[in-house]
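Analysis of the macromolecular model
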Amino acid sequence: MDLFFQQLVNGLVLGATYGLIALGYTMVYGIVQLINFAHGEIFMLGGFGALTTYLTLPAGTPAAVALPMMLMGAMVVSVTMAVLLERFAYRPLRGAPRLAPLITALGMSIALQELVRNFYPEAKSARNFPQLIDPDKRFSLGGSVTISAPSLVTIVIAVVGMVTLTLFVRRSRTGRAMQATAQDPDTARLMGIDTDRIIVTAFVLGAALAAVAGVMHGLRFGQVDFRMGFLIGIKAFTAAVLGGIGNISGAVLGGFTLGLVEVMATQYAPEPFAGGAWKDAWAFVVLIIVLVFRPSGILGERVAARA
Amino acid sequence: MSNLLTKVARQLGAGGAALVLVACFLPWATYSGFPGKMRAVTPGGARLYVMILALFGVLFLLSAPGRARALRGTSACTLTIAVLTAVFISYAGGGAGGLGIGAILAVVGGLAYLAAAWSLPADDRPAPIRVLPDRSWRTTVETLLVVAAAAAALIAFVIGLGIPTATIASGEDHLLLGAISFNDLTNESQFLSFLIFLGGASLALSRLGLVASLGALTKKHAKVMVAASLMAAVVFPFTQGGDGYSLRIAASIGVFAAAAIGLNIVVGLAGLLDLGYIAFFGVGAYFAALVSGSINSVVPVHLPFALTIVLAALVSGLFGVLLGAPTLRLRGDYLAIVTLGFGEIFRITVNNLDGSAGPSLTNGPNGISNIPDLTLPGGFSFGDNHVLFGINLPFQANYYWLEVVLVAVVMTAFLRLAESRIGRAWVAIREDEVAAAATGINTTRLKLLAFGLGAVLAGAAGSVNAHVVKIAAPDSFTFLESALLLAAVILGGMGTVHGALLGATVLYLLPEKLRFMQDLRLLVFGLVLVLIMRLRPEGLLPSKRRAREFHEPGGGGDALSAPPGRASA
């Protein structure tokens, strides 16, 4: 039974990362109906932004100082890139066929990966990321179930981030403007909402959360790689769809579900389909099954047919 | 006052363009070691392109006052080629001192040409479609024009493919840009110049209404057009002088194009966004590989190819229906992510069925290699070289022709379907599913049909490709491949055959020819995708209906082009 609970913990940690990134997808999709394929790269840039910050800090800076600085650095890089992306790759195409921004998103995804690979020093293969939180330090959660220090931090920060975002969207003026824009951009504009600014806000918030996820990823695995955003990005988008795209709680729920499915399938799937080699396949199988029975995702509202 | 300005601008522009023309007959390089023809007086290569583009300028600035705007893009292309060539010359010739008087004059004249084209008042009248006078010779001339257009396309393709770039010249990748010799560098600059020239010339021709006129002609003489294009495609190997590499590239473009046209049925006609299309291609490829008699295949049978291709298409279609039946009631992006998921499941599965992580079937990450050459019942082997009419035809020509047949079949299928009752029903579903259902269209069955047919065509293309590249491996069926196919469809213009064909050619040829940029080529490729979509969001060759929708003030109204916020509200 301990094994089950251990996998439960592992699944939640993985799900927290997916959830953080999925929030960015879901906010942008909810407002402009765009699958921002370059969002995975924003996550990756967050990791590299943190690494750069760390390298510019004087050696021997205590972790308690370095870590917040790295988070800030990561956010600055990711947010800047997301704003540029919106301004130059998505906004000019707002009236265009819906597939056109999908292609620019794809182009930017390739370009950003290649940008880091070619111009970040020694980034052609994975770069070591400072292990500021000792990964060998593990906390017991009863029995033999443990959680490593970086994982614990990941969960805590992820939950804090998700709660803050939910409160922001539900309570703040800007948040309510975001909801209004998502519901009906034209009417929102008539009510005096600067929808352009709201769209940028969605990109900024999503990028900030992705940057946090990028730093956490670096801390847990001890390295960052220019390719790391691609698969995680696709899976985070899957998580967003699983939970019901456009729905903020749905993204979080979808993230945790996907993380749990992956981890549990690795452990409990029938032989020979268990093990790490099949985990991604299981994630997508569950996605297809869920969508067959709930075509709008777990928490998604049934979308009325367009009149 | 503004009249005077216009007059001055026009004179200035014509003068600039004329200066460029003159410059083309002066040497562009003084550097004695510089290879190529840049030191000679007679124009060739990039200078020829600049000359033709400048000629447009002189003619139209002086004779067609209202049409100056048509030259905006063209003049920019002229200047770009001149500057690019000058940069390459000075790079190879050791600094600006290597530049000849011609290059400098061309840049100066090009600047004047550009400034004039952009400062002249805009004229947004659509160019008229030109029709020949109704005389006895009209049909003959029209037929000749259509044939000439097909020939011109072939020539452009041969020139573009034939300009040797670093890869072709040496047969391998260079490690650093610096390792490319001066000679290669002039080739690279020539290829880029050619591309820009094509862009500039087609801009001028389309703004003058000649492209639309030609389009009307080819529609009128559709049979001639088909015969001429087929002829051009068939004679292509004879123009290559026995070069197998370029034939191989052409064959790969064919596969890519066939798959893109198949995807165009699903996305362009029926409006179903499929992000895992390459998986159906992969099903066909793996099926063909398994029954090909390869020593790496665990299936000890060797089916004849004709049977293989049919079975591969059917198996792939079966997968399409199995996936489509439960999921096609999903809307837009949900369907997209399901197909993406299916694509990933396929890739992971064939990667794992190697006997250790799963049952032994696909030889895992190494794939099924050593697929033997195809043979026809008469004893003809696709692996043999031939000599026909005294021209060497390497064995790649056999596969190339196989691809031509494949593309022709897929194109016919697409065109027949698009014009049929089924095709019109698909377009109706794409435009508005609710309205389509209300008019009595069985939307579920038709969507499933589109999905299944797309899978069948992909399966057939995949089975052919397995024999062309002689291997089926998981690496070829990644999400990126699906995305590139989709990019080919959208880039070319959704819902048309020639659009998908052009998109596939551009997307395949560009990375192949940009190899001299080494590490930077994917970066440039990504940025070019963004740039093209920003300049022409409706695609390079959109269908007439889409182009019109797109230029209506209110924008298009179909499911894939709804303005933000409207799609699912």
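Some points on the overall build of chain B
For chain B, the count of helices and strands is 21 helices and 2 strands. Taken across its 569 residues, chain B has 49% of its residues classed as buried.

As for the confidence of the model for chain A
Note that predicted coordinates carrying low pLDDT should not be read in detail. Residue and element names in this part refer to chain A. In the predicted model, chain A carries a mean pLDDT of 86, and 98% of its residues have values of at least 70. Element-level mean pLDDT values for chain A span from 82 in strand E2 (residues 138-140) up to 94 in helix H2 (residues 39-56). In this model, residues 303-307 is a region of pLDDT below 50 whose contacts with residues beyond four sequence positions or in other chains number 6 contacts.

A word on the interface of chain A and chain B
Tallying the contact residues gives 47 residues for chain A and 48 residues for chain B. Those elements that place two or more of their residues in the side of chain A that touches chain B are helix H4 (99-119), helix H9 (228-243) and helix H11 (279-293) of chain A. Broken down by element, the side of chain A that touches chain B gets its largest block of residues, 12 residues, from H4 of chain A. When grouped by side-chain class, the residues that make up the side of chain A that touches chain B number 34 nonpolar, 7 polar and 6 charged.

Considering the packing of helix H5 (residues 149-171) of chain A against helix H6 (residues 173-183) of chain A
Residues and elements named next belong to chain A. It is the contact of H5 with H6, at a shortest axis distance of 5 Å, that shows an interaxial angle of 75 degrees. Taken together, the axes of H5 and H6 are roughly perpendicular relative to one another. In contact with Phe168, Val169, Arg170 and Arg171 of H5, H6 contributes Gly175, Met178 and Gln179. By residue class, the composition of the contact of H5 with H6 is 3 nonpolar, 2 polar and 2 charged.

Overview of the nonpolar core
All names here are of chain B. Grouped together as the largest cluster of nonpolar side chains are 231 residues, with contacts concentrated most on Ala260, Ala487 and Ala488. Taken together, domain 1 (2-222) and domain 2 (247-483) each give at least three residues to this core, which thus spans both. Here Ala488 is in contact with Phe256, Ala260, Ala500, Gly503, Ala504 and Leu507, once residues within four sequence places are set aside.

Details of helix H8 (residues 210-220) of chain B
Burial in H8 of chain B covers these residues: Leu214, Leu217 and Thr218 of chain B. Down the axis of H8 of chain B, the buried side of the element spans an arc of 95 degrees, and every buried residue falls inside it.

Overview of the environment of Pro359 of chain B
Following the sequence through the fold, Pro359 of chain B ends up in the loop between helix H13 (332-352) and strand E1 (386-388). Owing to 12 C-beta atoms within 10 Å, Pro359 of chain B belongs among the exposed residues under this scheme. Taking C-alpha positions, Pro359 of chain B is 44 Å from Ser420 of chain B, a pair spaced 61 residues apart along the chain. Those residues within four positions of Pro359 of chain B in sequence are excluded, and the remaining contacts are Pro272 of chain A together with Leu353 of chain B.

Remarks on the packing of H2 of chain A against H9 of chain A
Each pair of packed helices can be described by the angle between their axes along with the distance between the axes. Residue and element names in this part refer to chain A. Running from N to C, H2 and H9 point in directions that differ by 130 degrees, and their axes come no closer than 7 Å. When the axis of H2 is compared with that of H9, the two are oblique. Between H2 and H9 the crossing geometry is right-handed. On H9, the residues touching His39, Gly40, Glu41, Phe43, Met44 and Gly47 of H2 are Met228, Gly229, Phe230, Ile232, Gly233 and Ile234. Residue classes in the contact of H2 with H9 are distributed as 6 nonpolar, 5 polar and 1 charged.

Here we look at unusual backbone geometry
All names here are of chain A. Positive phi, normally seen in glycine, also occurs at Glu122, with a value near 55 degrees. If you trace the backbone, Glu122 turns up in the loop between H4 and strand E1 (127-128). The class of Glu122 is exposed, set by 8 C-beta atoms lying within 10 Å.

With respect to the environment of Gly15 of chain A
Residue and element names in this part refer to chain A. Tracing the backbone shows Gly15 in helix H1 (residues 2-32). For the pair Gly15 and Ala239, spaced 224 residues apart in sequence, the C-alpha to C-alpha distance is 8.9 Å. When residues no more than four places from it in sequence are discounted, the contact partners of Gly15 are Gly255, Phe256, Leu258, Gly259 and Leu260.

So, the environment of Leu219 of chain A
All names here are of chain A. Here Leu219 shows up in helix H8 (residues 195-221). Spatially, the C-alpha atom of Leu219 lies 21 Å from that of Leu141, the residues being 78 residues apart in sequence. With sequence-adjacent residues up to four places away left out, Leu219 is seen in contact with Phe129, Gln131, Leu132, Ile133 and Pro150.

Side note on the confidence of the model for chain B
Residues and elements named next belong to chain B. Put simply, chain B has an average pLDDT of 75, and 79% of its residues get 70 or more. Across chain B, element-level confidence peaks in helix H11 (residues 277-290) with a mean pLDDT of 90 and bottoms out in helix H6 (residues 166-170) with 39. Between residues 166-184, whose pLDDT stays under 50, and residues either more than four places distant or in other chains, the model counts 24 contacts. Within the model, the stretch residues 553-569 combines pLDDT values under 50 with 39 contacts to residues more than four positions away or in other chains.

Procedures and definitions
- As a convention, each chain's residues are numbered from 1 in the sequence order in which they are written.
- Here chains are named by letter from A upward and ligands by number from 1 upward, in the order in which they appear as written.
- Given that the model is predicted, a residue must reach a pLDDT of at least 70 before its local features are reported, and side-chain atom pairs must reach 80 or more before they are shown or counted; all residues, however, enter totals for whole chains, interfaces and linings.
- We count a stretch as a helix when DSSP gives it H or I for four or more residues in a row; a strand needs E for two or more, and each element gets its number in order from the N terminus.
- Exposure criterion: with C-beta atoms placed from backbone coordinates, a residue whose C-beta has 20 or more other C-beta atoms within 10 Å is buried, one with 12 or fewer is exposed, and one in between is partly exposed.
- Confidence of the prediction at every residue is given by pLDDT, a number between 0 and 100.
- Here the contact rule is simple: place C-beta atoms from the backbone, and any two residues whose C-beta atoms are within 7 Å are in contact.
- For this classification, the nonpolar set comprises Ala, Val, Leu, Ile, Met, Phe, Trp, Tyr, Cys and Pro, the charged set comprises Asp, Glu, Lys and Arg, and every other residue, Gly included, is treated as polar.
- All axes here are fitted lines through C-alpha atoms, helices being fitted over the stretch that makes contact, and every angle between N-to-C directions spans 0 to 180 degrees.
- We call two directions roughly parallel when the angle between them is under 35 degrees, roughly antiparallel when it is over 145, roughly perpendicular when it lies between 65 and 115, and oblique otherwise.
- Here, a nonpolar core means buried Ala, Val, Leu, Ile, Met, Phe, Trp, Tyr and Cys residues linked by C-beta atoms lying within 7 Å of one another.
- Domain delimitation follows an automatic or database domain assignment.
- The directions considered for the arc are those from the helix axis to the C-beta atoms.
- In a left-handed crossing the near helix is turned counterclockwise from the far helix by less than a right angle, and in a right-handed crossing that turn is clockwise.

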